[in-house]
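Structure at a glance
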Amino acid sequence: MLKLTPPLTVIEASLFDPSFSMLRRWSEEPDARLPSADPVSPLAEPDREELIRDWSQCQAAIAHPPAATAPCPMPASLAAKIRQRLASQDRAPPLQPAPGLIVRIDRPMGPRGSLDWEMPQPLAVLLAGPTEQRDLWQGWLMAWETDYASDGDLILDDQDAPHDPLAAMVQVWNPLQLYWPAASAVLGQLQPERLAAVRDLALEMSTTSPEPGTGRAGTLVQRATSGGHLVLTGMPLADADDPRWRYRELYFTAADLLRNMARQSVSVDLARPWWQSLFNVFQEGTSAAGLRLTPMPVAALGPAELEAESAASWQLADWILCRLIPGATGDSARLQLRLLQSEPLLVGLQRGERVRQQARLTPERPETALIAGADQGLTFFIRDATGETLFALPLRDDHG
């Protein structure tokens, strides 16, 4: 069997060992709570201590470098990869999701911001198409170690140029969903016919299972897909001693990091919208203030609107009736209010000391509407005719 480059131990370390920045922070703040290097395969404490010792030794060696020597010429293969990367950056399309786009992910992110772990090295993903879930795209992981290519890995060639060296082949056997906002850069773009070839290969993999023992690691072959597209791939996986089985295990686990990001996105997106939490906020706030909050039929404030489902309608003390009408995106709502008593009331929304919206309810003009949104730091208030505050309630995000 050919000697494959790089060795599996190097691939595993690059995918799952802590990044240099994390090792530096561990060495500087050994007792501090730091992000996890890998939520899928977390480090055991002895391994962490060994890595910190090795890092400290490297730092000490760097602090006392040997005497300067004549620089060695750059290897031609490395120079070619640098030129390839620069060309892909110069001709990269905008960072907008589209089928065939190849993107780099180097930061773990979810709908609520950065996640509590670090990625030791960037990962590349080829986008196939959007899902029904907002900000989630179907795709395949990509990699650069073409020595480990199997019949389920499509090698990019000159017709796919320019593309970054990180994205040298599509792991068609490693599909995933990507949370799009985590993409940080464009590494290239496949033309529609090349994306069709990837889809053909994916379909073939889902319908056929080649017999083990017929392939050879490190060998590339040209073949035609069922749709007539010529592609360059590796040979089928061989028996259990084939190192490409372990290679697949490593990259499938690495892809779990991205799958975890996608799962968090789905769980947040399927959570109860912000406007639906407002009734709980009002319940807790009125209870703490010793006031009565009475659920009411929706019709208490007039006919239901066709374009929006009402979250709730309730009576707050003997002051007002309130009905919630959600906005189109779920992160805003209209508070439709009606005066119940004969004395005027001031109702409104303020941020800090500044009043953003306010209306005076009177028997002659008993109704008004206020618009509130999530993450705006608003407080709902009711005041009497003299301006004295009768009730104030911060409209916090109650997802948790």
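Above this text sits the structure in question.
Residues numbered from 1 in each chain as written. Predicted model: local features only at pLDDT ≥ 70, side-chain atom pairs only at ≥ 80, totals over all residues. Heavy atoms only, no water.

**Examining unusual backbone geometry**
To be explicit about the condition: The helix and strand labels rest on DSSP assignments: H or I over at least four residues marks a helix, E over at least two residues marks a strand, and numbering proceeds from the N terminus.
For the bond running from T5 to P6, omega is -5°, close enough to zero to count as cis. Following A161, the chain continues into P162 via a peptide bond in cis, with omega recorded as -5°. Secondary-structure assignment places P162 in the loop between strand 6 (153-155) and strand 7 (169-179). You will see that D135, though not glycine, has its phi angle at about 70°, which is positive. With respect to the helices and strands, D135 occurs in the loop between strand 4 (123-130) and strand 5 (136-143). Phi is positive for A317, close to 55°, though the residue is something other than glycine. Tracing the backbone through its elements, the reader meets A317 in the loop between strand 12 (313-316) and strand 13 (320-326).

**Notes on the sheet that holds strand 5**
Quick reminder of the rule: Strands pair, by our definition, only if DSSP identifies at least two bridges between them. Simply put, an axis is a line fit to the C-alpha atoms, just over the touching stretch for a helix, and the angle between two N-to-C directions goes from 0 to 180 degrees.
A sheet is described by the order of its strands in space; here eight strands give the open sequence 8-1-4-5-7-6-10-9, paired in antiparallel fashion. Unpaired on one side and paired on the other, strand 8 (185-189) and strand 9 (220-224) mark the two borders of the sheet. Each strand axis lies, on average, 45° off the axis of its neighbour in the sheet, ignoring direction. Looking at chain direction, strand 6 and strand 10 (residues 230-234) are connected through two bridges and run antiparallel. Note that in strand 10 the partner of L154 across the bridge is T233.

**Considering the pairing of strand 19 (residues 389-394)**
Direction of pairing for strand 18 (residues 379-384) relative to strand 19: antiparallel, over a ladder of five bridges. Looking at strand 19, one finds that F381 is bridged to A392.

**Thoughts on the pattern of salt bridges**
For clarity, the cut-off: Salt bridge, as applied in this entry: a Lys or Arg side-chain nitrogen positioned within 4 Å of an Asp or Glu carboxyl oxygen. Only protein chains enter the calculation, and the probe is 1.4 Å; a residue is then buried if its accessible area is under 20% of its type maximum, exposed if over 50%, and partly exposed in between.
The full count for this structure, using the stated rule, is 10 salt bridges. In this structure, D106 engages R104 in a salt bridge whose closest nitrogen and oxygen atoms are separated by 3.1 Å. Assessed through its relative accessible area of 24%, R104 is described here as partly exposed. Measuring nitrogen to oxygen at the nearest pair gives 2.7 Å for the salt bridge that ties D242 to R244. Pair check on accessibility: D242 and R244 agree, each one buried.

**A few points about the nonpolar core**
Note the following rule: Buried Ala, Val, Leu, Ile, Met, Phe, Trp, Tyr and Cys residues that are joined via side-chain atoms within 4.5 Å together make up what is termed a nonpolar core. Here, two residues are considered to be in contact whenever any of their heavy atoms come within 4.5 Å of each other.
Membership of the largest hydrophobic core comes to 38 residues, with the highest contact counts inside it found for I105 and V125. The set of elements that each furnish at least two residues to this core consists of helix 1 (8-16), strand 1 (101-105), strand 4, strand 5, strand 7 and helix 6 (243-269). Residues within four places of V125 in sequence aside, it is in contact with L101, I102, V103, I105, G139, W140, L141, M142, L176, L178 and L258. In terms of nonpolar packing, the next biggest core, distinct from the first, is built from 32 residues, L293, L324, L337 and F391 among them.

**As for the environment of W144**
Spelled out, the test is: We call two N or O atoms a polar contact when they sit within 3.5 Å, provided that within protein one can donate a hydrogen and the other can accept it, with sequence-adjacent residues counted only if both atoms are side-chain atoms.
In this structure, W144 sits in the loop between strand 5 and strand 6. Measuring from C-alpha to C-alpha, the distance between W144 and L166 comes to 5.1 Å, with 22 residues separating the pair along the chain. What W144 contacts, discounting residues up to four positions off in sequence, is P6, P165, L166, A168 and Y251. Side chain to side chain, W144 and E145 meet in a polar contact 3.1 Å long.

**What to know about the side chain of R248**
Rules: The charged-residue count follows a simple rule in which Lys and Arg add positive charge and Asp and Glu add negative charge, with His and chain termini not counted at all.
Secondary-structure assignment places R248 in helix 6. D151 provides the closest opposite charge to the buried, unpaired R248, separated from it by 4.3 Å. The residues touching R248, leaving out its near neighbours within four places in the chain, are S150, D151, G152, W173, M205 and L237.

**Brief notes about the packing of aromatic side chains**
Put simply, the rule is: Aromatic pairs are defined between Phe, Tyr and Trp rings, using the six-membered ring for Trp, whenever the two ring centres lie within 6.5 Å; interplanar angles under 30 degrees are classed as stacked, those over 60 as edge-to-face, and all others as tilted. Criterion for a charge above a ring: Arg CZ or Lys NZ at most 6 Å from the ring centre, at most 35 degrees from the ring normal.
Counting across every chain of the model gives four aromatic pairs. Measuring from ring centre to ring centre gives 4.8 Å for Y148 and Y247, while their planes differ by 10°; the resulting arrangement is stacked. A residue pair is termed long-range when its members are at least 10 positions apart, and Y148 in the loop between strand 5 and strand 6 and Y247 in helix 6 qualify at 99 residues. Both residues of the pair, Y148 and Y247, belong to the buried class. Relative to Y251, the ring of Y247 has its centre 5.0 Å away and its plane inclined at 50°; by these criteria the two rings are tilted. Here Y251 and Y247 lie together in helix 6, a separation of four residues that amounts to about one turn. Side by side, Y247 and Y251 carry an identical accessibility label, which is buried. Note that R259 overlies the ring of F252, its terminal NZ or CZ placed 4.2 Å from the centroid. Here the guanidinium or amino end of R383 rests over the ring plane of F381, the centre of that ring lying 3.8 Å away.

**Digging into empty space enclosed by the protein**
Taking a probe equal in size to a water molecule and rolling it over the atoms shows the remaining empty space. Under the convention used in this document: Using a 1 Å grid laid over the protein atoms alone, points where a 1.4 Å probe fits but cannot get out form a cavity; open sets with protein on both sides within 12 Å along at least 5 of 7 lines form a pocket; any residue with an atom within 4 Å of a point counts as lining. Grid points are joined across faces, edges and corners, and a volume is the space filled by probe spheres set on the points. Polar here means any residue outside two lists: the nonpolar Ala, Val, Leu, Ile, Met, Phe, Trp, Tyr, Cys and Pro, and the charged Asp, Glu, Lys and Arg; Gly therefore counts as polar.
Applying the stated criterion across every chain yields a total of two cavities of 30 Å³ or more. Volume-wise, the largest cavity comes out at about 40 Å³. Taken together, S14, L15, M119, P120, Q121, L123, A254 and L257 form the lining of the largest cavity. For the lining of the largest cavity, the secondary-structure elements that each account for two or more residues are helix 1 and helix 6. Volume-wise, the second largest cavity comes out at about 30 Å³. The wall of the second largest cavity is formed by Q121, P122, L123, A124, M142, A143, L166 and Y251. Listing elements by their share of the lining of the second largest cavity, those giving two or more residues are strand 4 and strand 5. The residue inventory of the lining of the second largest cavity, partitioned by class, reads seven nonpolar, one polar and no charged.

**Comments concerning the sheet that holds strand 16 (residues 354-361)**
An order of 16-15-18-19 is seen for the four strands of this open sheet, with the pairing classed as antiparallel. Edge positions in the sheet fall to strand 16 and strand 19, since each has one partner strand and no second. With direction set aside, neighbouring strand axes in the sheet form an average angle of 15°. Contacts from helix 7 (residues 274-288) reach strand 18 and strand 19, with the element oriented near 135° to strand 19.

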